[in-house]
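Observations on the model geometry
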Amino acid sequence: MSDFFVHESAYVDDGAVIGKGTKVWHFCHVLGGAEIGERCSLGQNVVVMNQVRIGSNVKIQNNVSVYEGVELEDDVFCGPSMVFTNVMNPRSHVSRKHEYRRTLVRRGASIGANATVVCGSTLGEYCFVGAGAVVKGDVPAYAVVAGVPARRIGWMCQCGERLPREGAGRCAACGSRYERDGEALRRVG
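Rules of the game
- Residues numbered from 1 in each chain as written.
- Predicted model: local features only at pLDDT ≥ 70, side-chain atom pairs only at ≥ 80, totals over all residues.
- Heavy atoms only, no water.
- Phe/Tyr/Trp six-rings, centres within 6.5 Å; stacked < 30°, edge-to-face > 60°.
- Helix = DSSP H or I, 4+ residues; strand = E, 2+ residues; numbered from the N terminus.
- Buried < 20%, exposed > 50% of the residue type's maximum accessible area, 1.4 Å probe, protein only.
- Pairing = 2+ DSSP bridges.

Applying the stated criterion to the full structure yields 3 aromatic pairs. Look at Phe5 and Trp25: their rings are 4.8 Å apart centre to centre, the planes differ by 50°, and that puts the pair in the tilted class. One end of the pair, Phe5, is in strand E1 (residues 5-6); the other, Trp25, is in the loop between strand E4 (23-24) and strand E5 (29-30), with 20 residues separating them in the sequence. What makes Trp25 partly exposed here is its relative accessible area of 28%.

Put into structure tokens, the structure is as follows:
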């Protein structure tokens, strides 16, 4: 008996590593070589490719494919039907596997439903990508981005509440304090 759950309709290939307490739901496929941490949840119809690393306590909602070149740190949320890419100029008749670009989603980041993250991007800690956004570059820690292409429209606390317009100051919900550092934001207490 394993210490993780795999629904009877899901496939987990030999060589995949799945952490304690993780749940792999209906019609998922986890390929050999994938590493998934503890207490994760993979919703219906999720695909995790070979060479993908997923941290602990990650929630991946229905209909998401996590391609080679993507890394999700701890506490990441991937909304339903959001999209990762791994090649800049795909063609069906040209093999580009040697051109995969790394995408890194830092701890605590949230990606909204139907958002697209173009490969080569780093999403900062606890950033928030709005539903339907198209991320074509790096997103600062704690930033809220939305639109096509995604642009920063505000800041968000680690607890998930919006911060004052300029980001610096104290979160009204939890009391955490933040300071601006140029175009970046950092938590100071």
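Turning our eyes to something else, we now look at the pairing of strand E22 (residues 151-155). With 4 bridges connecting them, strand E21 (residues 143-146) and E22 associate as antiparallel partners. Residue pairing in the sheet places Val144 in a bridge with Gly154 of E22. Connecting the antiparallel pair E21 and E22 is a turn made up of 4 residues, with Gly147 showing a positive phi of about 100°.

It is worth spelling out unusual backbone geometry at this point. Following Val148, the chain continues to Pro149 via a peptide bond in cis, the omega torsion being -5°. Relative to the helices and strands, Pro149 resides in the loop between E21 and E22. A positive phi angle is found at Phe27, which is not glycine, with a value near 60°. Mapped onto the elements, Phe27 comes out in the loop between E4 and E5. Even without being glycine, Asn45 reaches a positive phi, approximately 65°. Residue placement: Asn45 occurs in the loop between strand E7 (41-42) and strand E8 (47-48). On the accessibility criterion, Asn45 (36% relative accessible area) is partly exposed.

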